[in-house]
Amino acid sequence: MSTLERTHPAKWKVKGEERTDVEHNYLSVKDDLEQTLPALLSDAQKSPQSMDKGLAVYHNVVALNNVLVRLQQTAQIAGGKEDAAILQEALSGVEIVRRQLADGLAAVSDDQTRALAASQAALAQEKQRLAAAEAAEAKLKTQRAAAAEEASKKPVKTTKKKTAKPAASTNGTNAQAAATKPHPAAPSQAQAQ
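Residues numbered from 1 in each chain as written. Predicted model: local features only at pLDDT ≥ 70, side-chain atom pairs only at ≥ 80, totals over all residues. Heavy atoms only, no water.

Counting its secondary structure elements, the chain contains six helices and zero strands. Counting helices and strands in the order they occur from the N terminus, the chain gives α-α-α-α-α-α. In the chain, which comprises 193 residues, the share counted as buried stands at 20%. Considering only intrachain contacts with a sequence separation of at least 6, the fraction spanning at least 24 residues in the chain is 67%. Carbon and sulfur atoms provide 56% of the accessible area of the chain, an area that totals close to 14600 Å². (Helix = DSSP H or I, 4+ residues; strand = E, 2+ residues; numbered from the N terminus. Buried < 20%, exposed > 50% of the residue type's maximum accessible area, 1.4 Å probe, protein only. Contact = heavy atoms within 4.5 Å. Areas by Shrake-Rupley, 256 points an atom, 1.4 Å probe, with all protein chains shown as cover.)

This brings us to the packing of helix α3 (residues 51-79) against helix α4 (residues 81-153). Two measures define how a pair of helices packs: the angle their axes make with one another and the distance between the axes. The geometry of α3 relative to α4 is characterised by a closest axis approach of 9 Å and an angle of 160 degrees between their N-to-C directions. Classified by the interaxial angle, the pair formed by α3 and α4 is roughly antiparallel. For α3 against α4, the interelement crossing comes out left-handed. Looking at the contact of α3 with α4 residue by residue, the classes come out as 21 nonpolar, eight polar and three charged. (Axes fitted to C-alpha atoms, helices over the stretch in contact; angles between N-to-C directions. Parallel < 35°, antiparallel > 145°, perpendicular 65-115°, else oblique. Left-handed = near helix turned anticlockwise from the far one by under 90°. Nonpolar A, V, L, I, M, F, W, Y, C, P; charged D, E, K, R; others polar.)

For the rest of this paragraph, the subject is the pattern of salt bridges. According to the stated counting rule, one finds six salt bridges in the structure shown. We note a salt bridge from Arg98 to Glu95, for which the minimum N-O separation is 2.7 Å. In this pair, Arg98 and Glu95 are both assigned in helix α4, three residues apart and thus about one turn of the helix distant. The class of Arg98 is partly exposed, set by a relative accessible area of 21%. When the shortest N-O distance is used, the salt bridge between Glu137 and Lys141 registers 3.8 Å. (Salt bridge = Lys/Arg side-chain N within 4 Å of Asp/Glu carboxyl O.)

On to the environment of Ala78. Following the sequence through the fold, Ala78 ends up in helix α3. Beyond its immediate chain neighbours, meaning those up to four positions away, Ala78 contacts Trp12, Lys13 and Val14.

Let's shift gears to the nonpolar core. One finds Trp12, Val29, Leu64, Leu68, Leu71 and Leu87 to be the most contacted residues of the largest nonpolar core, which totals 21 residues. Looking at this core, the elements that each hand over two or more residues are α2 (16-46), α3 and α4. Considering each element in turn, this core owes the most residues, eight residues, to α3. The contacts of Trp12, once residues within four sequence positions are left out, are Arg19, Val22, Leu71, Thr74, Ala75, Ala78, Gly79, Asp83 and Leu87. (Core = buried A, V, L, I, M, F, W, Y, C linked by side-chain atoms within 4.5 Å.)

Between α2 and α3, the least distance of the axes is 10 Å, while the angle of their chain directions is 155 degrees. The pairing of α2 with α3 is recorded here as roughly antiparallel in orientation. Of the two possible hands of crossing, α2 and α3 adopt the one that is left-handed.

Turning to the side chain of Asp83, a few remarks are in order. With respect to the helices and strands, the residue Asp83 is situated in helix α4. Polar side-chain contacts of Asp83 include one of 3.0 Å to the backbone nitrogen of His8. Beyond its immediate chain neighbours, meaning those up to four positions away, Asp83 contacts Arg6, Thr7, His8, Pro9, Trp12 and Ala75. (Polar contact = N/O pair within 3.5 Å; in protein donor to acceptor, adjacent residues only side chain to side chain.)

Honestly, it's all geometry; don't read function into it.
Written out as structure tokens, the structure reads:
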């Protein structure tokens, strides 16, 4: 700011519309340096990885540079060598800041590109893992379905249980055998008669 205040645009040999442009440009640069740029820088410093905030500062510095170029050229033609040299010094400082901002934005962009690439690689690996898990689950379902189908095709073996002969029938057979055998007492009775 002190650099700009060392100039005297009111003494420049310009007339009419050109004088209005010089005054407007001078006030525009002063306002930008006192209010707009500090607010933008403060926002950018709060979020150093924000491309939007960094680009806002960068665009402001480029616009500031363009206005200073017009002022410096006018000073060189109609303002005197001293004011032209002061504005040239200011332009050199703004150009250094512009380059630093561009480098910083490029670094942030590179960081974000690397982070994005890492995220995309991790996402691709997760998709592959998920696809492999889904394929394994589908294979397992297919195997289970095939096993169930195979099991339904096999005839069910029925085994006949050996049944024990009922005790009554065994006794009945013994009773029949006993009935057919002559009773030992019976012949002697028959003989006695």
